[in-house]
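What follows is each chain in one-letter form.
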Amino acid sequence: MKDQSWLTVQDWSVYGSWAAALLLGVILWWLAKKKVGFGTRVMLALVFGFAVGAVFGKDAADVGIIGSIYVNLIKMVVIPLVFSTIITSLTSVKEVGVLKKLGVKTISIFLITTAIAATIGLGTALVIDPGAGIANQPEAAQGFEAREIPTFKEVLLSLVPSNPINEMAEGKVVPVIIFAVFIAVAIIWEGARHPERVEPVRKVFESLSHIMFRVTKFVIRLTPYGVLALVTSMTARYGLETLEQLAWFVAAVFIACIIHMVVTYGLLVTFVARVNPIRFFKKAYPTIAVAFTTRSSYATLPVNLEVITKRIKVSERVASFVAPLGATINMNGCGGIYPAIVAVFVAKVFGIELGITDYVLIVAVATIASIGVAGVPGPASISTTVVLVQAGLPIEGFALVLAVDAVVDMARTAVNATGTTVAALLVGNSEGEFDREAFNKDEDDDISFGNEVEGGKPAISTT
């Protein structure tokens, strides 16, 4: 009888990756006890995840199950949180006309900044020329199956709730938002005539929103550990070698995102909101960190709500309206920067010359597509496909950059989420619902997840 090893080398590597992840998780927990800032712990989790994934390779992929659990918990709270907070915040408005004004301002900001983002993405790609290294290699995209582009009719129908309960079950945020707005308007309208009829309902939603914020805080406390697992899995599955051939493409996306964040957002908060941009980005850091590491606008939504109200000092009414809407339709990164860079990249690879008219078309289509695919799964892929088709470029070229999609998705999601924070500040400032004096103070700079102060109101701390 042959001796058989109890554990193979691969088994040891798998268990080693779990042990390393567990040890680093304990370190993150210890740092929380030492009151290290939430954003700092999230970014440390990112570094830890890259390290574990790089050291153990594909054997560390299963650690991602912890990240999947975290993402599921986020999905669990998003719909009831959005539904209850929108109704609660909007019913505090006494006039329906105010809701229309908020909506017009918010969506206008989203569209304008997306157009600017697409222009920046286009300019960055033309300067860096990310497709130069692999130009004229269309055979690399053979076998690519493009995603089907939904028609305008399909998109429009997907936004209008036909069965609100079913839409909630499927996690469709836009139909839920529309349904919540209808309920809020009805409560306002009926309350103006018979306030005694709607007061019990109003109190129910107010209580539900408080409860959901508490549940959300419980879940958000798990963010550093979820990020550690998610990044470990991503690095293990794709490997750092995927960055080599497409390094300039990745660089173009990151540089364009940084330019948009610093220049566009910086100028808006400086000259429109008239606040110190350095102070703004410092206060928005938790949103940027969570968006960058989780690559999910939905996962960032609860944190962004906290940041907008507790750190940026915008009213809950404005935050509860702008943040959920922004998590779904504000796509400066996914719908503006990314499709423009991919278009230039694909044109270079396939040897297609683009002119001024093509560049204008790319920016215009990217802007329109960003709002048109709201609520559609995989908005970056759909927006990019729409831009490529309208620009007359082969969509097969999109396959060439999919290997690094997870990497560039971190940057473009951070841009999306930060853009929502900027929009909330601009809308809050224009509506007189931005506490400038509180914003300019340095105290109470960290969001909390669970601590209390007198009166039962949430405290602001570093844990």
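Structural data are supplied above this passage.
Everything in this summary refers to the structure shown in the same document. (Residues numbered from 1 in each chain as written. Predicted model: local features only at pLDDT ≥ 70, side-chain atom pairs only at ≥ 80, totals over all residues. Heavy atoms only, no water.)

1. Quick notes on the overall build of the protein
Quick reminder of the rule: Every helix listed is a DSSP run of H or I at least four residues long, and every strand listed is a run of E at least two residues long, numbered separately from the N terminus. Per-residue accessibility, obtained with a 1.4 Å probe over protein chains only, is compared with the maximum for each type, and a residue is labelled buried under 20%, exposed over 50%, and partly exposed between these values. In what follows, a contact means two residues having at least one pair of non-hydrogen atoms within 4.5 Å. Using a 1.4 Å probe, the Shrake-Rupley method yields the accessible areas, and only the shown protein chains count as cover for residues.
Within the protein one finds 19 helices and 0 strands. Put simply, the protein has 463 residues, and 52% of those count as buried. For the protein, restricting intrachain contacts to residue pairs at least 6 apart in sequence, the fraction spanning at least 24 positions comes to 83%. Element-wise, carbon and sulfur atoms account for 64% of the exposed surface of the protein, whose accessible area totals about 20800 Å².

2. Observations concerning the packing of helix H12 (residues 277-294) against helix H18 (residues 405-430)
Spelled out, the test is: To obtain an axis, a line is fitted to C-alpha atoms, over the contacting stretch when the element is a helix, and the angle between two such axes runs from 0 to 180 degrees between their N-to-C directions. The labels follow the angle: roughly parallel below 35 degrees, roughly antiparallel above 145, roughly perpendicular from 65 to 115, and oblique for the rest. By the definition used in this description, the sense in which the near helix is turned from the far one sets the handedness, with an anticlockwise turn below a right angle giving left-handed and a clockwise turn giving right-handed. Amino acids outside the nonpolar list (Ala, Val, Leu, Ile, Met, Phe, Trp, Tyr, Cys, Pro) and the charged list (Asp, Glu, Lys, Arg) are all regarded as polar, and Gly is one of them.
As a packed pair, H12 and H18 sit with axes 8 Å apart at the nearest point and diverge in direction by 140°. In terms of orientation, H12 lies oblique with respect to H18. Here H12 and H18 pass one another in a crossing that is right-handed. On H18, the residues touching Phe280, Phe281, Ala284, Thr287, Ile288, Ala291 and Phe292 of H12 are Met410, Ala411, Thr413, Ala414, Ala417, Thr418, Thr421, Val422 and Leu425. Of the residues belonging to the contact of H12 with H18, the class tally is 12 nonpolar, 4 polar and no charged.

3. With respect to the packing of aromatic side chains
Rules: The rule is short: rings of Phe, Tyr and Trp, with Trp giving its six-membered ring, pair when the centres are within 6.5 Å, and they are stacked under 30 degrees, edge-to-face over 60, tilted in between. Criterion for a charge above a ring: Arg CZ or Lys NZ at most 6 Å from the ring centre, at most 35 degrees from the ring normal.
Throughout the structure, instances matching the rule amount to 7 aromatic pairs. A centroid spacing of 5.5 Å and a plane angle of 65° characterise the contact between Phe434 and Phe439, whose relative ring orientation is edge-to-face. When sorted by exposure, Phe434 lands in the same class as Phe439, which is buried. One aromatic cluster is present, formed by Phe83, Phe179 and Phe205 through successive ring pairs. One cation-aromatic arrangement involves Lys283 over Phe439; the distance from NZ or CZ to the ring centre is 5.4 Å. Positioned over the ring face of Tyr338 is Arg412, at 4.3 Å from the centre of the ring.

4. Some thoughts on the nonpolar core
Just so we agree on the cut-off: Working definition of a nonpolar core: buried Ala, Val, Leu, Ile, Met, Phe, Trp, Tyr and Cys residues. They are joined through side-chain atoms within 4.5 Å.
Ranked by size, the top nonpolar core spans 132 residues in total, and within it Phe249, Tyr338 and Leu425 carry the most contacts. If you tally residues by element for this core, the top one is H18, at 14 residues. When sequence neighbours within four positions are dropped, the list of residues in contact with Tyr338 reads Phe249, Val253, Gly333, Ala380, Thr384, Phe398, Val401, Asp405, Val408 and Arg412.

5. Some points on H18
Rule in force here: By this rule the span expected of a helix is its residue count minus one, scaled by 1.5 Å.
With 26 residues, H18 extends 37 Å between its outermost C-alpha atoms, agreeing within 8% with the 38 Å of an ideal straight helix rising 1.5 Å per residue. By the criterion of burial, H18 is predominantly enclosed, with 24 of the 26 residues buried. Phi for Gly432, located one or two positions after H18, is positive at around 70°.

6. Focus: empty space enclosed by the protein
Stated formally: Cavities and pockets were defined on a 1 Å grid built over protein atoms only: a cavity is a set of grid points that admits a 1.4 Å probe from which the probe cannot escape, a pocket is an open set flanked by protein on both sides within 12 Å along at least five of seven lines, and lining residues are those with an atom within 4 Å of any such point. Grid points are joined across faces, edges and corners, and a volume is the space filled by probe spheres set on the points.
By the definition in use, this model includes 1 cavity of 30 Å³ or more. Looking at the largest cavity, its volume works out to about 40 Å³. Lining the largest cavity are Ser297, Thr300, Leu301, Asn304, Ala323, Gly326, Ala327, Ala417 and Thr420. For the lining of the largest cavity, the secondary-structure elements that each account for two or more residues are helix H13 (297-311), helix H14 (316-329) and H18. Looking at the lining of the largest cavity, the element that brings in the most residues is H13, giving 4 residues. Among the residues making up the lining of the largest cavity, the classes are represented as 4 nonpolar, 5 polar and no charged.

7. So, the environment of Ser207
Checked against the element boundaries, Ser207 lands in helix H8 (residues 195-220). Residues Ser207 and Ser84, spaced 123 residues apart in sequence, show a C-alpha to C-alpha distance of 8.8 Å.

8. Overview of the pattern of salt bridges
To keep it simple, the criterion reads: A pairing counts as a salt bridge when a side-chain nitrogen of Lys or Arg comes within 4 Å of a carboxyl oxygen of Asp or Glu.
Taken as a whole, this structure holds 10 salt bridges when the rule is applied. Salt-bridge contacts for Lys348 lead to Asp129; the nearest nitrogen and oxygen are separated by 3.6 Å. With Lys348 in helix H15 (residues 332-349) and Asp129 in the loop between helix H4 (96-128) and helix H5 (152-159), this pair connects stretches of sequence that are 219 residues apart. Taken together, the shared-partner salt bridges connect Arg295, Asp405, Asp409 and Arg412 into one network.

9. Considerations on a nonpolar patch on the surface
Selection rule: Patch definition: residues above 30% relative accessible area lacking any salt bridge, with like charges linked at up to 9 Å and the nonpolar side chains Val, Leu, Ile, Met, Phe, Trp and Tyr linked at up to 5 Å.
Taken together, the side chains of Ile255, Ile258, Ile259, Val262, Val263, Leu267, Phe271 and Val272 define a hydrophobic patch exposed on the protein surface, amounting to about 720 Å² of accessible area. With respect to the secondary-structure elements, Ile259 resides in helix H11 (residues 247-272).

10. Considering helix H7 (residues 173-193)
Over its 21 residues, H7 extends 31 Å from the first C-alpha to the last, a length consistent with the 30 Å expected when each residue adds 1.5 Å. Listed in full, the buried residues belonging to H7 are Val173, Val174, Pro175, Val176, Ile177, Ala180, Ala184, Ile187, Ile188 and Gly191.

11. Section: the packing of H11 against H15
Two numbers describe how H11 lies on H15: the axes approach to 10 Å, and their chain directions differ by 140°. As the angle between them shows, H11 and H15 are arranged oblique. Considering how the two elements wind past one another, H11 and H15 form a crossing that is right-handed. Between H11, through Phe249, Ala252, Val253, Ala256, Cys257, His260 and Tyr265, and H15, the contact on the second element is made entirely by Asn332, Ile337, Tyr338, Ile341, Val342 and Phe345. By residue class, the composition of the contact of H11 with H15 is 11 nonpolar, 2 polar and no charged.

12. Regarding unusual backbone geometry
Not every positive phi belongs to a glycine, and Lys35 is a case in point at roughly 65°. In this fold, Lys35 is placed in the loop between helix H1 (9-33) and helix H2 (38-56).

13. Side note on the environment of Ile329
Residue position: Ile329 is located in helix H14. In this structure the C-alpha to C-alpha distance between Ile329 and Ser370, which are 41 residues apart in sequence, comes to 6.9 Å.

14. What about the side chain of Ser315?
The test is simple: Polar contacts, as counted here, are pairs of nitrogen or oxygen atoms within 3.5 Å of one another; within protein the pair requires one atom able to donate a hydrogen and one able to accept it, and residues that are adjacent in sequence qualify only if both atoms are side-chain atoms.
Structurally, the position occupied by Ser315 is in the loop between H13 and H14. Side-chain polar atoms of Ser315 contact the backbone nitrogen of Val318, separated by 3.3 Å. Aside from chain neighbours lying at most four places away, what touches Ser315 is Thr309 and Glu433.

15. Observations concerning the side chain of Thr418
Relative to the elements of secondary structure, Thr418 occurs in helix H18. What Thr418 contacts, discounting residues up to four positions off in sequence, is Met261, Tyr265, Phe281, Thr287 and Ile288.

Keep in mind these numbers describe shape, not what the thing actually does.
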